[in-house]
Amino acid sequence: MNDDIAVTTGDSSWFTNDRFGLFIHWGLYAMGARHEWLQSRERMSPERYAKYFRRFDPDLYDPRLWAKLAADAGMKYMVVTTKHHEGFCLWDSELTDYKATRTPAGRDLLAPMVDAFRERDMRIGFYYSLIDWHHPHYTIDPKHPLRFDPQFAEESKKRDFARYREYLHGQTRELLTRFGPIDLMFFDFSFPEENGLPGKGKDDWGSEELVRTIRSLQPRILLNDRLQVGGDITTPEQYMPKEWVRVGGRRVVWETCHTFSGSWGYYRDEESWKSVETLVKMLIDTVSKGGNLLLNVGPNARGELDPRAVERLEGIGRWMRLHSRSIYGCTAAPDSFPAPADCRLTYNPATNRMYVHVFSWPFKNIHLQGFAGKVEYAQLLNDGSEIKFKEGASESSMADGAYREGRDASTLTLSLPVKKPDAVVPVIELFLKSEV
Ligand code: GLC
């Protein structure tokens, strides 16, 4: 089995260096405040859903604040829903009136967001929903809000999906020609037939042609994998892979996206918010397996981030301020360095430093098997304080009346302070010897 990382067509060098991004789900569903799928879940017709369109007015929208919060959390790129399944567009598309400029907001909401994040040196990604519950030529399928409506089933037969396909290609062109260089494009999603209703996939989207267009407009762009024709980035969702993600046996560039709570869009009454500690551990775990984490916020209908999200972003930022060098530029440790119990390892090949992320602070020692002879110096990352270590074999003994367990020759044992350092996840930085 070949362990090389599969080659990407787009430029993934910045992506595998930066590791941590912000996902933004923002659209009319923020007003319903009960999941971005509410139109489908509640089987709402476009006419009923229009109550949101007529009143969408995010008067407190300040993308500079969003960008600051993301940058302070240590995020290096963003991916925003330019259009979600509901079909509503944040930018001033020439191909539809179902867009922010035609709501009480009265302006393009995407352009200032792109500017604000660029001002913070963040890379820009566009999410674009292949699914569209508003377009007059988008046909019935198992995800559609009106999937159980016999009248819609009839009407759908008269729809010309080719016209929708043209629209989606045209909008993609707009997104890739009006906002300067775009670093990443996240299409969402293809799905199989269900309950007798046909699914939609690459032939419906015209994926192959779409990819050719995208590559010709923006050759360096990274493409995700939901067009059913492969892609540069594999994107597991709300799932922590147990090892480096492989496709066809090869390690790939991958990114897992997660919510703070259960919903992508703003959800007022959702309470299952992850703690800062869980989120930091998810970031570390992802990087320790060679992946990226894309963490989502769902801004509300006034245009603000949920205070619960702000609190998490700030908490992550406190950890990142001191520990980001165990994340940026890092990847999985070489296989010859196994992670000890309750720890994750990340490794920076450029600086030849290894990071031991301690998920559960132990009493006094961590035994690192296979590390003896390979470490020059060790320190805690939060304060740069030295961590002493012993190496090599020792007999088990009762010499002084106290039992000590033997270690094998390859073991390096770190001597830790008894008190856990003041960090949600303490990290020990190991300077490796150059010859290893
Ligand atoms: C799913 C959902 C969608 C969300 C996306 C994020 O495909 O349909 O609501 O935007 O996941 O990856």
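Residues numbered from 1 in each chain as written. Predicted model: local features only at pLDDT ≥ 70, side-chain atom pairs only at ≥ 80, totals over all residues. Heavy atoms only, no water.

1. Section: the site of the ligand
1) Next: By nearness alone, 14 residues border the ligand, and His25, Glu36, His84, His85 and Glu237 come closest of all.
2) Next: Note that an oxygen atom of the ligand is positioned 2.8 Å from one of the side-chain N or O atoms of His84.
3) Next: Here an oxygen atom of the ligand and a side-chain polar atom of Arg226 are 3.0 Å apart.
4) Next: Burial of the ligand by the surrounding chains reaches 94%, relative to a free accessible area of 310 Å².
5) Next: Of the residues belonging to the shell around the ligand, the class tally is seven nonpolar, three polar and four charged. (Near = heavy atom within 4 Å. Polar contact = N/O pair within 3.5 Å; in protein donor to acceptor, adjacent residues only side chain to side chain. Areas by Shrake-Rupley, 256 points an atom, 1.4 Å probe, with all protein chains shown as cover. Nonpolar A, V, L, I, M, F, W, Y, C, P; charged D, E, K, R; others polar.)

2. So, the nonpolar core
1) Next: Ranked by size, the top nonpolar core spans 92 residues in total, and within it Ile24, Trp26, Met113, Phe117 and Phe126 carry the most contacts.
2) Next: Here this core takes seven residues from helix α11 (residues 276-287), the largest share from any one element.
3) Next: Here this core gathers at least three residues from each of two domains, domain 1 (13-324) and domain 2 (333-432).
4) Next: Setting aside residues up to four positions removed in sequence, Phe117 forms contacts with Leu22, Ile24, Pro63, Trp66, Ala67, Ala70, Met78, Met122 and Ile124.
5) Next: One finds Ala333, Val358, Ala378 and Leu380 within the second-largest nonpolar core, a separate group that totals 22 residues. (Core = buried A, V, L, I, M, F, W, Y, C linked by side-chain atoms within 4.5 Å. Buried < 20%, exposed > 50% of the residue type's maximum accessible area, 1.4 Å probe, protein only. Helix = DSSP H or I, 4+ residues; strand = E, 2+ residues; numbered from the N terminus. Domains from an automatic or database assignment. Contact = heavy atoms within 4.5 Å.)

3. Regarding the pattern of salt bridges
1) Next: Within this structure, the stated rule accounts for 29 salt bridges.
2) Next: A salt bridge links Asp72 to Lys68, with the nearest nitrogen and oxygen atoms 2.5 Å apart. Placement of the pair is Asp72 and Lys68 together in helix α5 (residues 63-72), with a separation of four residues, close to one helical turn.
3) Next: When its relative accessible area of 44% is taken as the criterion, Asp72 is described as partly exposed.
4) Next: Residue class for Lys68 comes out partly exposed when judged on its relative accessible area of 38%.
5) Next: Between Arg325 and Glu429 there is a salt bridge; the shortest N-O distance is 2.7 Å. Here Arg325, found in the loop between α12 (307-323) and β10 (331-332), pairs with Glu429, found in strand β17 (residues 427-432); they are 104 residues apart in sequence, far enough to count as distant.
6) Next: Under the relative-accessibility criterion, Arg325 is labelled partly exposed at 41%.
7) Next: A single salt-bridge network, built from bridges that share partners, covers Glu94, Glu174 and Arg178. (Salt bridge = Lys/Arg side-chain N within 4 Å of Asp/Glu carboxyl O.)

4. Some words on the sheet that holds β17
Whether parallel or antiparallel, the strands of a sheet pair through hydrogen bonds between backbone atoms.
1) Next: Taken together, the five strands give an open sheet; going across it, the order is β10-β11-β12-β17-β14, and neighbouring strands pair in antiparallel fashion. Edge strands, defined here as strands with exactly one partner in the open sheet, are β10 and β14 (375-380).
2) Next: Against the sheet, α11 makes contact with β10, β11 (343-348) and β12 (353-358), and its axis sits at roughly 55° relative to β11, the strand it touches most. (Pairing = 2+ DSSP bridges. Axes fitted to C-alpha atoms, helices over the stretch in contact; angles between N-to-C directions.)

5. Some thoughts on the sheet that holds strand β16 (residues 411-415)
1) Next: Read across the sheet, three strands follow the order β13-β16-β15 without closing on themselves; strand pairing throughout is antiparallel. One side of each edge strand has no neighbouring strand; the edge strands of this open sheet are β13 (365-369) and β15 (388-391). If you compare each strand with its neighbour and ignore which way they point, the axes differ by 25° on average.
2) Next: Here β15 pairs with β16 via four bridges, running antiparallel. By the bridge assignment for β16, Glu391 is matched with Leu412.

6. Some details on unusual backbone geometry
1) Next: Here Asp188 and Phe189 are connected by a cis peptide whose omega angle stands at -15°.
2) Next: When you line up the elements, Phe189 lands in the loop between β4 (184-188) and α9 (202-205).
3) Next: Of note in the backbone geometry, Ala33 takes a positive phi value of approximately 55° without being a glycine.
4) Next: Relative to the helices and strands, Ala33 resides in the loop between α2 (29-32) and α3 (38-41).

Purely spatial values, then, with no claim about function.
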